[in-house]
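# Geometric and topological summary
Single-letter residue listing:
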Amino acid sequence: MPTQPLPLIDLELIFLLKIGILTLLVLYVIFSLVIVRQVDLMSRTLRTPISPIVKALAFINAGFSIAFLVLAFGNL
Amino acid sequence: VVYFFQMFPSFIENPTNISFSGQDTDETILLLLRAHPITNLKWIIPAIIVFFVPFFIPGFLTLLRVDLSALSSFYILSLIVINYLFVLVIIFEGFLGWYFNVYIVTTKNLVDIDFHSLLFNNIDLTPLRNVEDANSNQGGIFRSLFNFGDVYIRSAGTTALTDFLAVPNPHRVSDFIIDLAHKV
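Here goes a summary of the coordinates provided.

What counts, and where the lines are drawn
- Numbers given to residues run from 1 along each chain, matching the order in which its sequence is written.
- Lettering of chains starts at A and numbering of ligands starts at 1, both following the order in which they are written.
- With pLDDT at 70 or above as the cut-off, local features in this predicted model cover only qualifying residues; side-chain atom pairs require 80 or more to be listed or tallied, and sums for whole chains, interfaces and linings still use all residues.
- Excluding hydrogens and water, the side-chain figures rest on all heavy atoms present in the structure.
- Numbering of helices and strands runs from the N terminus; a helix is a DSSP stretch of H or I covering at least four residues, while a strand is a stretch of E covering at least two.
- Burial classification: accessible surface area is computed with a 1.4 Å probe over protein chains only, and a residue below 20% of its type maximum counts as buried, one above 50% as exposed, and the rest as partly exposed.
- Between any two strands, pairing holds if DSSP finds at least two bridges.
- Between the N-to-C directions of two axes lies an angle of 0 to 180 degrees, each axis being a line fitted to C-alpha atoms and, for a helix, fitted only over the stretch in contact.
- Throughout, a residue-residue contact means that at least one pair of heavy atoms, one from each residue, lies within 4.5 Å.
- Working definition of a nonpolar core: buried Ala, Val, Leu, Ile, Met, Phe, Trp, Tyr and Cys residues. They are joined through side-chain atoms within 4.5 Å.

Attention shifts here to the environment of A:K55. Residues and elements named next belong to chain A. The residue K55 is located in helix α2 (residues 51-75) in this model. For K55, a relative accessible area of 31% translates into the label partly exposed. Through-space distance from the C-alpha of K55 to that of M42 is 9.7 Å; in sequence the pair is 13 residues apart.

Set out below in structure tokens:
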């Protein structure tokens, strides 16, 4: 049985989807920055050999989330 | 799997290259404990499930007869990226919570470092000279199978217990603490 496109996918829904995606990405950027701060605090409380690696991962995560947010603002 | 667990140990005697905030210059760490690595399954399993969600979405949408061809590919890409960012949230929260929540036995104190969430932390210090009693508790099939459990330490002058939760070799840990307290 062939699938029929639902009328739901219209411009308004796409606009809502766009707002939803951007909101989630903004929230993730905030979360990733909180993680950077928290990893810094945790690494100062407990100093271990892998603390710098965890810090680097937190920075990479924040950088990626900011870059993707900028990309999404430009393309959505 | 064994090598992976060795990279992130949960029971370290006389650890080197590890120190904590507030450690005195004449204070040495004798034992560093984390929750048993198997306890990480509570976030690893959800992360694996969410990881595979995008693989099942197209089939699910076909069942519902929803056609997403009107959406540009960047919308689809964004939804996939958001899904994997959510996987990262689960992994970060789970790993950081496990790795930095440690129990430390030093030559002077019992130290319990707790990060309850990404924003709240708590450090409990119990002087070894105040330790009166240590109990270990290892109930359940899972805990017996993987040899982990809880250790409760009672100290003089307080009704509050210091607890080392889900640590490996709990009987050995409580014995170690009591032996050490007797020496101090």
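All names here are of chain B. Spatially, the three strands line up as an open sheet ordered β7-β8-β9, and their pairing is antiparallel. Both outer strands of the open sheet, β7 (131-137) and β9 (161-168), are each paired with one neighbouring strand and no more. Strand-to-strand twist of the sheet, defined as the mean angle between neighbouring strand axes without regard to direction, takes the value 20 degrees. Sheet analysis places β7 next to strand β8 (residues 148-155), joined by six bridges and oriented antiparallel. Across the sheet, D133 pairs through a bridge with R154, a residue of β8. Packing of helix α5 (residues 170-183) onto the sheet brings it into contact with β7, β8 and β9, and relative to β7 it is tilted by some 170 degrees.

Before going further, it helps to examine the nonpolar core. Taken as a class, soluble globular proteins show a tendency for nonpolar side chains to be buried jointly. Ranked by internal contacts, the top residues of the largest apolar core, which has 53 residues, are A:L25, A:L46, B:F95, B:L96, B:F100 and B:I104. Listing elements by their share of this core, those giving two or more residues are α1 (11-45) and α2 of chain A together with β3 (29-33), α2 (41-63), α3 (73-100), β4 (102-106) and β5 (109-115) of chain B. Sorting elements by how many residues they give to this core places α3(B) first, with 14 residues. Contacts of A:L46, omitting those with residues within four sequence positions, involve A:S51, B:I18, B:S19, B:F20, B:L32, B:R34, B:Y99, B:F100, B:V102 and B:I104. With 18 residues, the next largest nonpolar core counts B:L30, B:V105, B:L110 and B:V167 among its residues.

The quantities given are spatial measurements derived from coordinates; they are silent on function.
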